[in-house]
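# Chains, contacts and geometry: an overview
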Amino acid sequence: MNGAGTRLGVGTRFRLDGETVEVVEFASLATGMEVILKDARDRLVRMSVRELLTSDRAEVIPDDRGPAAADDGDLVSVVLARLTKEERKDVLERAEHVRETLTGYRSGSEELARPGEPRPEYAPGLSLGKR
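The present account deals with the structure reproduced in this document. Please read all numbers here as calculations on a predicted model, not as lab measurements.

Let us now look at the sheet that holds strand S3 (residues 32–39). A sheet is described by the order of its strands in space; here 5 strands give the open sequence S4-S3-S2-S1-S5, paired in antiparallel fashion. Lying at the two open borders of the sheet, with one neighbouring strand each, are strand S4 (44–48) and strand S5 (58–61). Neighbour-to-neighbour, the strand axes of the sheet open up by a mean angle of 40°, direction not taken into account.

So this is what it looks like as structure tokens:
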């Protein structure tokens, strides 16, 4: 399967017992998370997220080509896992700078703004070129 990077959410499609189904809803129950799936004939099926993701009955249908074991090179997660503590710190600082340049906030979100953000030179009202 070629869907290692596929997001599970409303709209995610699977092949379940040979039929194409789509996630239309999530339900949080005392027994765990469940999904409501709809098939091509608008029939609904409810099953646990765990069963959906671990069962041999279901296979995700990725929206686009994601990472695969046969790809040349390593997945980003593998490369990042090999970094030293100092290298990881450097990557996180660079990522904060990129997010600040793009959004005005080191977290990338106004809701998670740090004290003093946005700094005037990174204000969201400025063009990307000026930031």
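So much for the structure itself; the text now carries on.
Here S3 pairs with S4 via 5 bridges, running antiparallel. What sits directly across from Val35, in S4, is Met47. Between S3 and the antiparallel strand that follows it, S4, lie 4 residues; Asp42 among them carries a positive phi value of about 65°.

Oppositely charged side chains are able to pair whenever their charged atoms sit close together. This structure, assessed with the given rule, holds 11 salt bridges. One salt bridge in this structure joins Arg57 and Glu51, with 2.8 Å as the shortest N-O distance. When salt bridges with common partners are traced through the structure, they connect Glu19, Asp39, Arg41 and Arg43 into a single cluster.

A few words now on the nonpolar core. If you look at soluble globular proteins, the nonpolar side chains tend to sit buried side by side. Membership of the largest hydrophobic core is limited to 11 residues, which are Phe14, Leu16, Val21, Val23, Val35, Leu37, Met47, Val49, Leu52, Ala58 and Val60. Residues contacting Val49, with those up to four places away along its chain left out, are Leu8, Phe26, Met33, Glu34 and Val35.

For the rest of this paragraph, the subject is unusual backbone geometry. A cis amide bond, omega -5°, links Glu117 with the succeeding residue Pro118. Relative to the helices and strands, Pro118 resides in the segment after helix H3 (85–103). Phi at Asp17 is positive, roughly 50°, even though this residue is not glycine. On the secondary structure map, Asp17 appears in the loop between strand S1 (13–16) and strand S2 (19–29). Positive phi, close to 65°, is recorded for Asp42, a residue that is not glycine. Counting through the fold element by element, Asp42 comes out in the loop between S3 and S4. Asp42 sits in the exposed class, given a relative accessible area of 56%.

A few words now on the side chain of Glu117. Within the secondary structure, Glu117 is located in the segment after H3. Only 2.9 Å separates the side chain of Glu117 from the backbone nitrogen of Arg114, close enough to count as a polar contact. With residues near it in sequence (within four places) discarded, Glu117 still touches Glu100, Tyr105 and Arg106.

How each quantity is defined
- Residues numbered from 1 in each chain as written.
- Predicted model: local features only at pLDDT ≥ 70, side-chain atom pairs only at ≥ 80, totals over all residues.
- Heavy atoms only, no water.
- Pairing = 2+ DSSP bridges.
- Helix = DSSP H or I, 4+ residues; strand = E, 2+ residues; numbered from the N terminus.
- Axes fitted to C-alpha atoms, helices over the stretch in contact; angles between N-to-C directions.
- Salt bridge = Lys/Arg side-chain N within 4 Å of Asp/Glu carboxyl O.
- Core = buried A, V, L, I, M, F, W, Y, C linked by side-chain atoms within 4.5 Å.
- Buried < 20%, exposed > 50% of the residue type's maximum accessible area, 1.4 Å probe, protein only.
- Contact = heavy atoms within 4.5 Å.
- Polar contact = N/O pair within 3.5 Å; in protein donor to acceptor, adjacent residues only side chain to side chain.

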